[in-house]
Amino acid sequence: MPEVTYVQPDGTARTVDATVGHSLMQVALDHGVDGIVAECGGNAMCATCHVYVDPARLDDLEPLCSDEEEMLDCTASPRAATSRLSCQLPVTEGLDGLVLRLPEEQL
């Protein structure tokens with residue numbers, strides 16, 4: 001089972017086992033990771049599951065779709081080159097060791 005690390009804005013890190021096929025948003029919710037609100041339940045309609053991906057791992061992720069691209073312009077914290085919506089990122093074995101930084105705010 002791949003491990004994913006969620007890093008809070010204060011630097012506190014939490015590594016969890018991620019279920020293959022689930023979204024990185026669902027993994028965070030399943031493990032009670034603070035900082036992922038997920039108001040729309042994973043439909044790419046709210047941008048409250050915004051994360052910053054480790055730049056070295058961006059190529060390991062599915063490409064941005066147009067809905068995600070549009071929603072990333074609506075994030076509460078500044079969008080960065082490594083910004084993604086965790087609801088749009090399915091867990092694969094290849095994501096083992098992925099590090100996601102959480103923004104200061106989601107709403």
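Report on the accompanying structure. Because the structure is predicted, anything quoted here is derived from the model rather than measured.

With that settled, the discussion passes to a negative patch on the surface. Where like charges cluster on the molecular surface, the negative patch consists of Glu3, Asp17, Glu93 and Asp96. Mapped onto the secondary structure, Glu93 falls in the loop between strand S4 (83-85) and strand S5 (98-101).

With that settled, consider the nonpolar core. In this structure, Tyr6, Leu24, Ile36, Leu85, Leu98 and Leu100 are the most contacted members of the largest nonpolar core, which totals 27 residues. If you list the elements that add at least two residues to this core, you get strand S1 (3-7), helix H1 (24-30), strand S3 (50-53), helix H2 (66-72) and S5. When residues in this core are grouped by element, the largest group, 4 residues, is from H1. When near neighbours in sequence (up to four residues on either side) are disregarded, Leu98 contacts Glu3, Val4, Thr5, Leu24, Val53, Arg57 and Leu61.

Looking now at the environment of Cys40. Position of Cys40 among the secondary structure elements: in the loop between H1 and S3. The spacing of Cys40 and Gly97 is 57 residues in sequence and 27 Å in space, taken between C-alpha atoms. Beyond its immediate stretch of four places on either side in the chain, Cys40 contacts Met45 and Cys46.

A separate point is the pairing of strand S2 (residues 13-17). Here S1 pairs with S2 via 5 bridges, running antiparallel. Considered in S2, the bridge of Glu3 is made with Asp17. Between the antiparallel neighbours S1 and S2 lie 5 residues, among them Gly11 with a positive phi of about 95°.

The next thing to look at is the environment of Thr15. Relative to the elements of secondary structure, Thr15 occurs in strand S2. Taking C-alpha positions, Thr15 is 9.7 Å from Val33, a pair spaced 18 residues apart along the chain. Ignoring any residue separated from it by four or fewer positions in sequence, one finds Thr15 in contact with Glu3, Val4 and Thr5. One polar contact links Thr15 to Thr5, side chain to side chain, over a distance of 2.7 Å.

The subject of this paragraph is unusual backbone geometry. Phi at Ala38 takes a positive value of approximately 60°, unusual for a residue other than glycine. Examined against the element boundaries, Ala38 turns out to sit in the loop between H1 and S3. Since its relative accessible area comes to 12%, Ala38 is described here as buried. Not every positive phi belongs to a glycine, and Ala47 is a case in point at roughly 65°. Along the chain, Ala47 falls in the loop between H1 and S3.

Cut-offs and rules
- Residues numbered from 1 in each chain as written.
- Predicted model: local features only at pLDDT ≥ 70, side-chain atom pairs only at ≥ 80, totals over all residues.
- Heavy atoms only, no water.
- Patch = residues over 30% accessible without salt bridge, like charges linked within 9 Å, V, L, I, M, F, W, Y side chains within 5 Å.
- Areas by Shrake-Rupley, 256 points an atom, 1.4 Å probe, with all protein chains shown as cover.
- Salt bridge = Lys/Arg side-chain N within 4 Å of Asp/Glu carboxyl O.
- Lys, Arg positive; Asp, Glu negative; His and termini not counted.
- Charge placed at Lys NZ, Arg CZ, Asp CG, Glu CD.
- Helix = DSSP H or I, 4+ residues; strand = E, 2+ residues; numbered from the N terminus.
- Core = buried A, V, L, I, M, F, W, Y, C linked by side-chain atoms within 4.5 Å.
- Buried < 20%, exposed > 50% of the residue type's maximum accessible area, 1.4 Å probe, protein only.
- Contact = heavy atoms within 4.5 Å.
- Pairing = 2+ DSSP bridges.
- Polar contact = N/O pair within 3.5 Å; in protein donor to acceptor, adjacent residues only side chain to side chain.

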